[in-house]
Amino acid sequence: MGADRSWASAQLIRAAQDGDRESLAAVIHGAHSHVRRFAEHLCASPQDAEDAAQEALIILYRKIGSLRATGALASWMFRIVRNECLRRARLLLERPDEAEPGLATSAEDEAIQRLEAELVAQAIQELPDVQRRVLIMRDVLGYPGRRVAEALGLSDAAMKSHLHRGRARLRLNLGATSDA
């Protein structure tokens, strides 16, 4: 295949877009491992990664006809996975607000909260892989440090180091964003 790193041939993708079920099944089958791997790197937990990958494949199944360029399949799928992982991270960040149901907020306050959540989610996404995973598992999901270390195959000291560096980088990135 050389420089062409696509998951399926343009001809196969076009056939899937035209409604050929066998071609569509082949495109989905070929995309699954790539989509799953990308989700594992981007999402907070293995469960979120699996859910995001499945959601992306469902969208591929339903909307492949709307794909404009056959060569854009990989970037389209990655964008769908990224958005789904960000959506799941936002839900985790917004859950503490549900504890205060009597608090009425204005549309402006809600828009500001959504914007802040998006900035935090984007800043988390930009962290190096291990730092991002440690930070999400520890600070967002609230897993104990030992469990995080075991899940990621790290020593406790390495997990703490990645967590410290991730938090520092996140503060730096968010500080730079708010100064702009």
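Residues numbered from 1 in each chain as written. Predicted model: local features only at pLDDT ≥ 70, side-chain atom pairs only at ≥ 80, totals over all residues. Heavy atoms only, no water.

1. Concerning empty space enclosed by the protein
Part 1 of the argument: Within the structure shown, the criterion is met by 1 cavity of 30 Å³ or more.
Part 2 of the argument: Of the pockets and cavities examined, the largest cavity occupies roughly 120 Å³.
Part 3 of the argument: In this structure, the largest cavity is lined by 14 residues; those nearest its centre are Leu42, Cys85, Leu86, Ala89 and Ile136.
Part 4 of the argument: Every element with two or more residues in the lining of the largest cavity is listed here: α4 (73-94), α5 (107-125) and α6 (129-140).
Part 5 of the argument: Residue contributions to the lining of the largest cavity peak at 5 residues, all from α4.
Part 6 of the argument: Split into classes, the residues belonging to the lining of the largest cavity amount to 9 nonpolar, 1 polar and 4 charged. (1 Å grid on protein atoms, 1.4 Å probe; cavity = no way out; pocket = protein on both sides within 12 Å on 5 of 7 lines; lining within 4 Å. Points joined across faces, edges and corners; volume = space filled by probe spheres on them. Helix = DSSP H or I, 4+ residues; strand = E, 2+ residues; numbered from the N terminus. Nonpolar A, V, L, I, M, F, W, Y, C, P; charged D, E, K, R; others polar.)

2. Section: the side chain of Arg88
Part 1 of the argument: If you trace the backbone, Arg88 turns up in helix α4.
Part 2 of the argument: On the accessibility criterion, Arg88 (17% relative accessible area) is buried.
Part 3 of the argument: Other than its neighbours up to four places away in sequence, Arg88 contacts Asp48, Asp51 and Ala52. (Buried < 20%, exposed > 50% of the residue type's maximum accessible area, 1.4 Å probe, protein only. Contact = heavy atoms within 4.5 Å.)

3. Concerning the layout of surface pockets
Part 1 of the argument: One number sums up the size of the second largest pocket: a volume of about 220 Å³.
Part 2 of the argument: Taken together, 13 residues line the second largest pocket, and the ones lying closest to its centre are Ala44, Ser45, Pro46, Met137 and Ala151.
Part 3 of the argument: Taken together, the elements giving at least two residues each to the lining of the second largest pocket come down to α3 (46-63), α6 and α7 (145-152).

4. Here's the deal with the confidence of the model for the protein
Part 1 of the argument: Summary statistics for the protein give a mean pLDDT of 78 and a share of 79% for residues scoring 70 or more.
Part 2 of the argument: When pLDDT is averaged over each element of the protein, α7 comes out on top at 88 and α5 at the bottom at 71.
Part 3 of the argument: Between residues 1-5, whose pLDDT stays under 50, and residues either more than four places distant or in other chains, the model counts 1 contact.
Part 4 of the argument: A low-confidence stretch, residues 97-104 stays under pLDDT 50, and its non-local contacts, those more than four residues away or across chains, total 1 contact. (pLDDT = per-residue confidence, 0-100.)

5. Section: the environment of Ile59
Part 1 of the argument: For Ile59, the location among the structural elements is in helix α3.
Part 2 of the argument: Overall, the relative accessible area of 22% leaves Ile59 in the partly exposed class.
Part 3 of the argument: A sequence separation of 18 residues divides Ile59 from Met77, and the C-alpha atoms of the two residues are 8.8 Å apart.
Part 4 of the argument: Ignoring any residue separated from it by four or fewer positions in sequence, one finds Ile59 in contact with Ile64, Trp76 and Ile80.

6. Some words on the nonpolar core
Part 1 of the argument: In terms of nonpolar packing, the biggest core is built from 25 residues, with Val27, Val35, Leu60, Leu73 and Met77 touching the most fellow members.
Part 2 of the argument: Contributions of two or more residues to this core are made by α1 (10-17), α2 (21-42), α3 and α4.
Part 3 of the argument: Tallying contributions element by element places α2 first for this core, with 7 residues.
Part 4 of the argument: Among the nonpolar cores identified, the runner-up in size contains 14 residues, and Ala123, Leu127, Val134 and Tyr143 belong to it. (Core = buried A, V, L, I, M, F, W, Y, C linked by side-chain atoms within 4.5 Å.)

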